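Chain residues, written in single-letter form:
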Amino acid sequence: MLIAVFSVYMACLVAIATLLRDFRAYGCILAGYTVALISIADVDTPTATFTSMLDRVAVILLAVLALAFVSAIFATAESARSLQSKLRLATKDIVAMALATLDRRAPPDPSQCVAMSARFMPLRSEIGFATPELLDGWARAKAARSALLGLFEAISAIQAVGLGLRKMSTASSTVDHAISIMRTAVVAQHPEKRLADLEALTHQAMEAEALSVDEAYVLDRCRFMIEVFRDIRDGLLSSRVGRLPRRSVSLPVHQDYIAAILNGMRVGLAVGIVGLLAVLSGLPGANLMILGTIVFVSLGSVLHDPLAMGRAALLMTPAVIVTGTIYDFLIFPNISEYPLFIISLAPIVAITCWLIKTGKGPMGIFYGVQSISLLSPANVQTLDPTTFVDTAAFLVAGSVCIFFSLLLIAPVDPALRRLRLALAVGRTLREALVDKNSLNQPKASLHYDRLSQFSSWQHSEPLTPARRNVMRRLSDLGNLSFAVRRSWRALDQARNAVDPAIDAKARQILPTLSPAEILDLSRAYLAAAAGLDRSKRYDLVHAAAALYGTAVLTTSEVRLLRHLELLRYQL
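Residues numbered from 1 in each chain as written. Predicted model: local features only at pLDDT ≥ 70, side-chain atom pairs only at ≥ 80, totals over all residues. Heavy atoms only, no water.

**Brief notes about the environment of Met10**
And step 1. Topologically, Met10 is positioned in helix α1 (residues 2–20).
And step 2. The class for Met10 is buried, based on a relative accessible area of 0%.
And step 3. Once the C-alpha coordinates of Met10 and Arg468 are considered, the two residues, 458 residues apart in sequence, prove to be 39 Å apart.
And step 4. Dropping the residues within four chain positions of it, Met10 is found in contact with Ile29, Gly32, Tyr33, Val267, Ile294 and Ser298. (Helix = DSSP H or I, 4+ residues; strand = E, 2+ residues; numbered from the N terminus. Buried < 20%, exposed > 50% of the residue type's maximum accessible area, 1.4 Å probe, protein only. Contact = heavy atoms within 4.5 Å.)

**Observations concerning the side chain of Glu126**
And step 1. Mapping Glu126 onto the fold places it in helix α6 (residues 123–130).
And step 2. With a relative accessible area of 14%, Glu126 lands in the buried category.
And step 3. Among residues more than four places away in sequence, those in contact with Glu126 are Ser82, Leu83 and Lys86.

**Points about unusual backbone geometry**
And step 1. Even without being glycine, Ala410 reaches a positive phi, approximately 45 degrees.
And step 2. Topologically, Ala410 is positioned in the loop between α17 (385–408) and α18 (414–433).
And step 3. In this model, Asp435 sits at a positive phi of 55 degrees, which is unusual for a non-glycine residue.
And step 4. The exposure class assigned to Asp435 is partly exposed, which follows from its relative accessible area of 21%.

**Thoughts on helix α8 (residues 173–187)**
And step 1. With 15 residues, α8 ought to run about 21 Å at 1.5 Å a step, and its terminal C-alpha atoms sit 22 Å apart, in line with that.
And step 2. Those residues of α8 lying buried are Thr174, Val175, Ala178, Ile179, Ile181, Met182, Ala185 and Val186. Along α8, the residues classed as buried sweep out an arc of 165 degrees about the axis, all on the same side.
And step 3. Near the N-terminus of α8, the side chain that reaches the backbone nitrogen of Thr174, with its oxygen 3.3 Å away, is that of Ser172. (Expected span 1.5 Å × (residues − 1). Arc of directions from axis to C-beta. Polar contact = N/O pair within 3.5 Å; in protein donor to acceptor, adjacent residues only side chain to side chain.)

Right, here's the structure in full:
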C-alpha cells in the first residue's frame, strides 16, 4: 500500500515538475524523493521514521544555510551580474542581426533566429536565480523580463522589416531614408528619439501622395522595431539601476501537457513495478533499488532526453563501485577524524562538478549521488564486506531498472513531440483568425520557445534542406499569427476613420486569408488615408501595413495553409 500511494504521489509531482522547468522543477522532485528517503528507506523500521524525518530536514536546512553563507562571501549578487552581462551580450547580437538585415535588405535565416532564441530562453530561468540576491531584486526582475521579451520581439520585428525590404519592387528614397534612421536608432541608448523622424517621413510621403503600400509596410515595421529597442534599452537600464521598467510583462512558454502526463505515468509505473519486484524478493536491502529508481527516473523524466539518465546509470555504475571500493577498503579505515573525512570526499565532489560542467549532467548527478549512497558514511565507519557487496549488487540492479524504465515505459518519441509543437503553432493561428481572446495578445516568447523546442527535439538528426524548410514554415506560421492579431487591432483603431463598408469587408475577408483580397483591402485603407488629419491618417496607414503583412506571409505559405484548410476559413 505504501508503494502504491507513493507511486501516485511521485507521478503527480513529476507531472508538475515537467511544466515548471529549471530549479522549480527540481523542487518538486526533491519534495518527492525526500519522502522516499524517509518512508521507504525505513520501511522495515517504522519507529525510526520520525527521527529520520528530523535528520533529513536538518540536513536540507544546513545545506541551504551553508550555500547561502558561501554565496554571500564569495559570490555576492553573482547571478544578477551574470544576468546583466548576458542581457547586454544578447542585445549586441540583436543589434548585429538588425544591421545585417538592413545591409542585405532581406530577412535573416529562420534557423539563425531559432538558434538565437534558444540562447535567450535560459535567461528566463536566470531571472529567477537573480531575483532574491538584492533587496530591489523584484524591480530588477521586472526590468529583465521586459528586456528579454523585447529581445524576442526584436527577432520578429527584424524578420518583418527584412521581408518588407525584400518585397520592394523598385528603389525608394523614402525607404532609404528610413533605413538610415533605423541604423542610428538601433545603436542608440534612446532609440525612441528617432520616432519623430520616422513619423515625419511617413507623413511627408503621404502628403506628397508618393507612399506605396509596400513602403508603408516597411515604415510601419521600422516604427515597431524602434519601439522594441526602446523597451530593450529601458529594461537594461532599469535592471542595472534597480527601478521599475516602463512596462510590466510576463514571459509565457509552451507547456506540453501530454508530455507532463506521460512523464508522470512513467515514474508512477516504474516506482510501482520496481517496488513490486522488491516486495516479492523479500530482501531487506531491496529498498535501495526502489530509491535509486525513484530519484533517477524522476530526474531523468524532466530532462530533455530522459534516456540520457538511463545511459548514465549503466555507464557510471562501474565507476561508482570502484570509487566505493577504494573509499571503504583503503581510505575510510585509515581516517578517524571528521576534517580528514570531509577532505577525503573532495575528489568525488570535484569529479561530479567536472562532469556537470562539461555537459555530462546526468553522469555527474548519478556518480555523485550514488557514490555517497554506496559509501553511506557514518560517525563510526565500520568495514563490512558482505554489506558492501550486497549494497553494490542492489545498486547494479537499480541501475538496470532505471535504464529499462526510461527505455520501455512511455518512451519519449521526438517525432511526436515535434508534431505536438507544430499543432500548437497551427492552433495559435486558428485562434488568431477568429480573434479569440483579443485582449490577450500572443507573446513572442511563446512562439520562439516552441521553435527552439522543435529544433532541440531534432538536434541528433542532420540539418537537411527538408528540415530547414519545415523550420522556415513554422516560423512563417507563427509570424502570420502575429500579423493577423496585429491586423485585428489595426482594424479596431481605424474603424472611426474609414468607410463602414470597407471596415465590414475587411472583417469579413481577414479570417479567410485570401491574399489577393487582403492586398486589395490594404491598398484601399492606404488610399482612404489621403486628406485626413495626422492621427486618423496614421491609423489607416497602420491598418494598411498590417493587412499587407498578412497578405505577404499568406502568399509565401499558400500550399501549407491550403493543406491545413486555413484558406477561405469560415467563421
